[in-house]
Amino acid sequence: MNNETYECTICGYIYNPAVGDPDNGIAPGTKFEDIPEDWVCPLCGVGKDKFEKI
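Residues numbered from 1 in each chain as written. Predicted model: local features only at pLDDT ≥ 70, side-chain atom pairs only at ≥ 80, totals over all residues. Heavy atoms only, no water.

1. Regarding the sheet that holds strand 3 (residues 51-53)
The sheet built from 3 strands is open, its strands ordered 2-1-3 with antiparallel pairing. Of all the strands in the sheet, the pair left with one neighbour each is strand 2 (14-15) and strand 3. In this sheet, strand 2 lies alongside strand 1 (residues 6-8) in antiparallel orientation, the contact comprising 2 bridges. Each residue of the ladder has a partner; that of Tyr6, found in strand 2, is Tyr15. (Pairing = 2+ DSSP bridges. Helix = DSSP H or I, 4+ residues; strand = E, 2+ residues; numbered from the N terminus.)

2. Brief notes about the environment of Tyr6
By secondary structure assignment, the location of Tyr6 is in strand 1. Residue Tyr6 is classed as buried on the basis of its relative accessible area, which comes to 12%. Counting along the chain gives 42 residues from Tyr6 to Lys48, while the straight-line C-alpha distance between them is 9.5 Å. A polar contact is formed between the side chain of Tyr6 and the side chain of Glu33, at a distance of 3.3 Å. (Buried < 20%, exposed > 50% of the residue type's maximum accessible area, 1.4 Å probe, protein only. Polar contact = N/O pair within 3.5 Å; in protein donor to acceptor, adjacent residues only side chain to side chain.)

Below you can see the structure in the form of structure tokens.
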């Protein structure tokens, strides 16, 4: 599994694919690339384009 984490450059939220974002419909094990384009940061609401691989 691709376990690359991504960080929101606005608020610092870390997206961990092993955890996903189940509160917003993203199942554990979902790679960042596979998240729908309309997904937003659960903390500050910015789009995927504001995330960087860490």
